[in-house]
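Report on the structure
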2 protein chains.
Amino acid sequence: MPGISKRGAGMPSSPIRKLVPFADAAKKKGKKIYHLNIGQPDIQTPQQAFDAVKNSDMTVLSYSPSEGYEWYRDKIAAYYKSIGADINSKEIIVTAGASEAINFVMNSCFDPEDEIIVPEPFYANYNGFSKAGNVKVRPITASIESGFALPPMEDFEKQITDKTKGILICNPSNPTGYLYSKEELEVLRDIVLKYDLFLLVDEVYREFVYDGKSHTSVLTLDGLEEHAIVFDSVSKRYSACGARIGMIISKNQEMMSTALKFAQARLSPPTMGQIMGAAMTEVSPQWIKDSIGEYDNRRKVCYERLSAMEGVTVPQPGGAFYLFVKFPVDDTEKFCKWLLEDFDHEGETVMMAPGAGFYATEGLGRQEARLAYVLNSEDLHKAMDCLEEALKVYPGRV
Amino acid sequence: MPGISKRGAGMPSSPIRKLVPFADAAKKKGKKIYHLNIGQPDIQTPQQAFDAVKNSDMTVLSYSPSEGYEWYRDKIAAYYKSIGADINSKEIIVTAGASEAINFVMNSCFDPEDEIIVPEPFYANYNGFSKAGNVKVRPITASIESGFALPPMEDFEKQITDKTKGILICNPSNPTGYLYSKEELEVLRDIVLKYDLFLLVDEVYREFVYDGKSHTSVLTLDGLEEHAIVFDSVSKRYSACGARIGMIISKNQEMMSTALKFAQARLSPPTMGQIMGAAMTEVSPQWIKDSIGEYDNRRKVCYERLSAMEGVTVPQPGGAFYLFVKFPVDDTEKFCKWLLEDFDHEGETVMMAPGAGFYATEGLGRQEARLAYVLNSEDLHKAMDCLEEALKVYPGRV
């Protein structure tokens with residue numbers, strides 16, 4: 001029997017997968033589970049998206065251009081202009097989700113054994129994309145005590161070798177909710193210019209910012225035209241994860257024409273998703289505002305309830321829809337499993353993503369977990385009730 | 001300015017891309033072009049597919065499971081049973097087109113510098129997927145004189161090294177239209193069992209077979225359970241290329257659970273495409289039969305017309321919707337460009353894919369070109385008129 005590849009063997013499982021069998025078993029026993037473990041929003045997808053598909057008079061569901069339909073890229077460019085980034089349709093490649101965008105950029109910028117610096121905790125799938133491309137992740141640890149702010153420039157410089165080709169951040173961050181300030185992005189600019197690196201920024205949560213803060217897209221910083229590569233997606237902004245429409249945005253023409261070759265090899269992004277995506281660019285600013293307002297309420301519920309729990313450390317997140325929380329427990333992998341297997345509060349419990357899976361450094365994140373506030377406030381209150389009760393009785397409490 | 005990767009620099013362009021500017025220029029001059037250069041069928045997508053989307057009462061366009069919806073995979077499994085392959089839903093992973101399927105399998109089975117043997121001419125994008133995964137393609141040349149039949153076992157054995165991990169074929173073949181017989185597949189079985197290799201078979205054209213021949217899926221051959229990996233797609237079968245729905249089918253559980261990890265990293269295949277795909281499994285056998293009948297007529301038009309042209313060598317294809325043709329010209333890259341730039345017959349001309357791009361061996365295929373018969377018979381006759389006239393006046397005729 002032929003064996004699988006080393007890169008396949010080394011592919012990490014997602015931090016949540018291991019818990020799925022326990023969640024399934026809990027459901028079978030009739031337990032109600034509040035799913036705070038994944039970033040699948042419950043907000044209704046704008047009706048425009050469904051209408052666009054229903055009203056389409058297409059008769060042959062054909063390939064689109066590999067870079068995406070021009071009429072869609074024109075709309076995306078207009079959206080970028082509206083957020084202050086001077087982007088034209090040639091600086092956009094439409095992909096099957098931001099995941100494919102990251103994959104193409106990894107392949108375009110990095111060779112096997114090249115290195116990419118990523119502040120940890122980071123979106124766990126960055127590990128997977130790196131592994132797939134045989135690219136080496138060098139983590140820099142951000143601390144929960146600082147609210148997961150950007151580590152100092154010296155920490156980056158210590159990790160830079162002659163193999164380093166880029167830095168990758170998510171802003172605002174999945175999994176921490178941290179919103180990088182303009183000043184922090186300028187520090188990153190200094191580093192990438194000094195060492196001639198690519199700066200990859202995952203901005204899929206761009207609109208999800210709170211407390212009157214504003215998001216700075218790396219595309220609006222001067223001097224980064226050849227360095228900045230942005231990943232974007234309709235999944236979170238429009239609650240349309242299943243469209244599988246993401247994009248690469250960059251002014252670096254050599255990189256874009258290289259990424260296009262990878263895009264051409266896979267022929268085209270989804271046609272229906274692009275029809276929906278184009279319709280969603282017409283969604284009213286009020287729809288987005290209402291959606292963010294709803295998340296903000298949820299954020300406050302979770303943040304206030306968690307802050308009131310003894311022994312829990314919870315930085316107030318400035319963006320996205322996640323909280324990265326430190327619990328007074330021995331090990332969140334055990335705690336999360338126990339919540340599903342051995343605990344219930346009035347027949348209900350909570351599922352969270354254990355923190356260790358978001359770190360590349362072995363041993364970190366053992367007391368941390370990620371919570372996605374993608375449920376309505378009433379359910380979130382009940383989920384917090386469960387957590388509060390659970391922390392009182394969990395045998396591994398420290 | 002940071003530089004792109006070596007793998008990016010080495011990514012081949014598709015054999016057609018270079019011609020696109022000349023086609024655009026010709027169109028601007030008012031020339032009508034018969035596009036025989038790409039495999040985009042003109043057959044209408046079954047109405048069921050559009051109806052399924054229009055009738056959906058979905059309100060949140062959410063992620064599907066990474067392996068695809070179970071209700072869709074159940075239908076795919078039933079389809080496989082109908083063609084004599086005992087496949088269950090756990091042996092299926094739904095992907096964003098067969099392209100993503102190939103990508104996941106490349107990553108799951110091969111490490112950088114591992115080798116895969118592919119009979120040439122082959123689907124040009126196999127080069128791209130190999131390059132992306134840093135896998136090395138070892139070509140074995142099939143000859144136009146033999147109609148592109150499987151080269152003898154000795155040719156394969158000569159290419160096998162300790163780096164060889166698999167053999168990849170397309171059956172029936174894009175670009176040659178060659179339909180591998182059961183006996184040829186048994187030769188491949190002997191080789192992969194003897195050397196413990198994976199046998200990757202792209203069967204997306206499975207239904208497209210002619211002259212009363214029948215297709216043998218490698219999934220129906222005994223003894224290959226751990227070796228055979230099939231790529232499939234709704235694109236050609238149902239004329240639904242834009243759905244971006246493909247799949248990996250294999251009984252090798254270790255490989256499938258590895259491929260699933262790559263699938264999990266990219267979250268999910270397109271949701272709308274799966275809804276359409278599931279509806280299309282209900283398409284009547286008569287629809288498929290009519291579609292194949294239409295392609296068969298087109299094949300006959302092209303084959304008969306080309307056979308009658310002096311100096312043209314054209315093997316009769318047993319499947320798919322391509323002809324791989326040898327022309328009495330100096331170089332088909334020049335010839336195809338000349339057809340667009342310098343030639344017209346009553347204001348019309350033809351676009352084809354030059355042959356060299358389908359070979360990995362430098363210098364081969366210079367007199368060959370691929371023609372996709374994806375136009376109606378009337379247009380194909382006109383396209384053949386153009387070719388016939390062109391061959392009379394082309395300055396590089398040999």
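Residues numbered from 1 in each chain as written. Chains lettered and ligands numbered in written order. Predicted model: local features only at pLDDT ≥ 70, side-chain atom pairs only at ≥ 80, totals over all residues. Heavy atoms only, no water.

**Describing the packing of aromatic side chains**
Residue and element names in this part refer to chain A. Here the structure, examined in full by the defined rule, presents 40 aromatic pairs over all chains. Ring geometry for Tyr295 and Phe321: centres 4.9 Å apart, planes at 25°, overall stacked. With Tyr295 in helix α11 (residues 285–307) and Phe321 in the loop between α11 and β9 (322–326), this pair connects stretches of sequence that are 26 residues apart. One exposure class covers both Tyr295 and Phe321, and it is buried. Taken together, Tyr205, Phe208, Tyr295, Phe321 and Tyr322 form an aromatic cluster joined through their ring pairs. The positively charged end of Arg298 is found above the aromatic ring belonging to Tyr295, 5.2 Å away from the centroid. (Phe/Tyr/Trp six-rings, centres within 6.5 Å; stacked < 30°, edge-to-face > 60°. Helix = DSSP H or I, 4+ residues; strand = E, 2+ residues; numbered from the N terminus. Buried < 20%, exposed > 50% of the residue type's maximum accessible area, 1.4 Å probe, protein only. Lys NZ or Arg CZ within 6 Å of the ring centre and 35° of its normal.)

**Description of the sheet that holds strand β2 (residues 92–95) of chain B**
All names here are of chain B. In space, the seven strands of this open sheet follow the order β2-β8-β7-β6-β5-β3-β4, with mixed pairing throughout. Looking at strand neighbours, the two that pair on one side only are β2 and β4 (136–141), the edges of this open sheet. Going across the sheet, the axis of each strand differs from the next one's by a mean of 25°, ignoring polarity. Bridge count for β2 against strand β8 (residues 246–250) is four bridges, and the pairing is antiparallel. (Pairing = 2+ DSSP bridges. Axes fitted to C-alpha atoms, helices over the stretch in contact; angles between N-to-C directions.)

**Focus: the nonpolar core**
Counting residues in each nonpolar core, the largest one holds 285 residues, and the members touching the most others are Leu306(A), Phe327(A), Phe335(A), Leu306(B), Phe327(B) and Phe335(B). Ignoring any residue separated from it by four or fewer positions in sequence, one finds Leu306(A) in contact with Val312(A), Val314(A), Leu323(A), Val325(A), Phe327(A), Leu371(A), Met384(A) and Leu387(A). (Core = buried A, V, L, I, M, F, W, Y, C linked by side-chain atoms within 4.5 Å. Contact = heavy atoms within 4.5 Å.)

**A short note on the interface of chain A and chain B**
Between chain A and chain B, the residue contacts involve 78 residues of the former and 78 residues of the latter. Of the roughly 6300 Å² buried between chain A and chain B on both sides combined, carbon and sulfur atoms contribute 55%. By the criterion of area lost to chain B, the three top residues of chain A are Pro2(A), Arg7(A) and Leu61(A), representing 11% of everything that side buries. In this structure, the connection of chain A to chain B is made through zero salt bridges. Counting the contacts that link chain A with chain B gives 42 residue pairs in polar contact (both at pLDDT 80 or more). Taken together, the elements giving at least two residues each to the side of chain A that touches chain B come down to α1 (6–9), α3 (47–54), α5 (97–109), α6 (125–132), α9 (253–265) and α10 (271–280) of chain A. Counting residues per element, the side of chain A that touches chain B draws most heavily on α9(A), at seven residues. Looking at the side of chain A that touches chain B residue by residue, the classes come out as 35 nonpolar, 29 polar and 14 charged. (Buried area = accessible area lost by both parts, 1.4 Å probe. Salt bridge = Lys/Arg side-chain N within 4 Å of Asp/Glu carboxyl O. Polar contact = N/O pair within 3.5 Å; in protein donor to acceptor, adjacent residues only side chain to side chain. Nonpolar A, V, L, I, M, F, W, Y, C, P; charged D, E, K, R; others polar.)

**So, the confidence of the model for chain A**
Per-residue confidence for chain A gives a mean pLDDT of 96, with 100% of residues at or over 70. Here the predicted complex scores 0.96 on pTM and 0.95 on ipTM. (pLDDT = per-residue confidence, 0-100.)

**Structural notes on the environment of Ala265(A)**
Mapped onto the fold, Ala265(A) is located in helix α9. Note: C-alpha distance between Ala265(A) and Ser66(A) (199 residues apart in sequence) is 8.4 Å. Setting aside its immediate chain neighbours within four residues, Ala265(A) contacts Met11(B), Ser99(B), Asn125(B), Gly128(B) and Phe129(B).

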